[in-house]
Amino acid sequence: MTTDLDEARQYADTMLEALDVMGRAMYFCLNHPNSSGFKEHRKLLIGAHERMGKDTTHFLAQIDEPELPYEPTEEELSQHG
């Protein structure tokens, strides 16, 4: 079972990885606009940006609508005294 801290760390790691990919792809695109690899690096840049947006949307949804802690029913409470 993962904890909220583990999920936050995983989110941060994903964001850092995507930022690294974006930075490298952006650098290549800006410095080699006529290169044969330009289109590939441009796709990497767009893909990393979309991934960051998707992950951020998912993470914000968890913050905005957290799962409520489990609350036992009256029947369950009566069974355990």
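That block above? That's the structure.
About the cut-offs
- Sequence positions are assigned chain by chain, starting from 1 and proceeding in written order.
- In keeping with the model being predicted, local features are shown solely for residues with a pLDDT of at least 70 and side-chain atom pairs are shown and tallied solely at 80 or more, while totals for entire chains, interfaces and linings include all residues.
- Derived side-chain values reflect all non-hydrogen atoms in the structure, with water molecules and hydrogen atoms excluded from consideration.
- Per the convention used, a helix needs a DSSP run of H or I reaching at least four residues, while a strand needs a run of E reaching at least two, with both numbered from the N terminus.
- Atoms counted for the radius of gyration: C-alpha only. Globule rule: 2.2 Å times residue count to the power 0.38.
- Relative accessible area decides the class of each residue, using a 1.4 Å probe on protein chains only: under 20% of the type maximum gives buried, over 50% gives exposed, and in between gives partly exposed.
- Contacts: residue pairs with any heavy atoms within 4.5 Å of one another.
- Under the convention used here, a 1.4 Å probe and the Shrake-Rupley method define accessible areas, while residue burial counts only the protein chains that appear.
- In this tally, Asp and Glu contribute negative charge and Lys and Arg positive charge; neither His nor the terminal groups of the chain are included.
- For the purpose of locating charges, the reference atoms are NZ of Lys, CZ of Arg, CG of Asp and CD of Glu.
- In this description, a nonpolar core means a group of buried Ala, Val, Leu, Ile, Met, Phe, Trp, Tyr and Cys residues linked to one another through side-chain atoms lying within 4.5 Å.
- The criterion for an aromatic pair is that two Phe, Tyr or Trp rings (for Trp, the six-membered ring) have centres within 6.5 Å, with stacked assigned to planes under 30 degrees apart, edge-to-face to planes over 60 apart and tilted to the rest.
- We call two N or O atoms a polar contact when they sit within 3.5 Å, provided that within protein one can donate a hydrogen and the other can accept it, with sequence-adjacent residues counted only if both atoms are side-chain atoms.

1. Here's the deal with the overall build of the protein chain
Okay, step 1: Regarding its fold elements, the protein chain presents three helices and zero strands.
Okay, step 2: Listing every helix and strand of the protein chain by position from the N terminus yields α-α-α.
Okay, step 3: Relative to the 2.2 N^0.38 estimate, which gives 12 Å for 81 residues, the radius of gyration of the protein chain is 21 Å and therefore markedly larger than a compact globule would have.
Okay, step 4: Expressed as lengths along the three principal axes of its C-alpha atoms, the size of the protein chain is roughly 75 × 15 × 15 Å.
Okay, step 5: Counting the 81 residues in the protein chain, one finds 14% classified as buried.
Okay, step 6: For the protein chain, restricting intrachain contacts to residue pairs at least 6 apart in sequence, the fraction spanning at least 24 positions comes to 55%.
Okay, step 7: When the accessible surface of the protein chain is totalled, it reaches about 7,100 Å², and 57% of it is carbon and sulfur.
Okay, step 8: Side chains of the protein chain give 7 positive and 16 negative charges; the mean places of these two sets differ by 22 Å.

2. So, the nonpolar core
Okay, step 1: M15, A18, M22, A25, L45, A48 and M52 together form the largest nonpolar core, which totals seven residues.
Okay, step 2: Elements with a contribution of two residues or more to this core: α1 (4-31) and α2 (38-64).
Okay, step 3: Top element by residues in this core is α1. It accounts for four residues.
Okay, step 4: Once residues within four sequence positions are removed from consideration, M15 is found in contact with M52, D55 and T56.

3. Thoughts on the packing of aromatic side chains
Okay, step 1: Under the defined criterion, the tally for this structure stands at one aromatic pair.
Okay, step 2: Where Y11 meets F59, the ring centres are 4.3 Å apart and the plane angle is 10°; that geometry is what we call stacked. Residue Y11 is found in helix α1, and its partner F59 is found in helix α2; the two are separated by 48 residues along the sequence.
Okay, step 3: Residue Y11 is classed as partly exposed on the basis of its relative accessible area of 22%.

4. Re the environment of S78
Okay, step 1: Note on placement: S78 falls in helix α3 (residues 74-79).
Okay, step 2: Residues S78 and L60 lie 18 residues apart in sequence; the distance between their C-alpha atoms is 37 Å.
Okay, step 3: In this structure the side chain of S78 is engaged in a polar contact, spanning 2.8 Å, whose partner is the backbone oxygen of E75.

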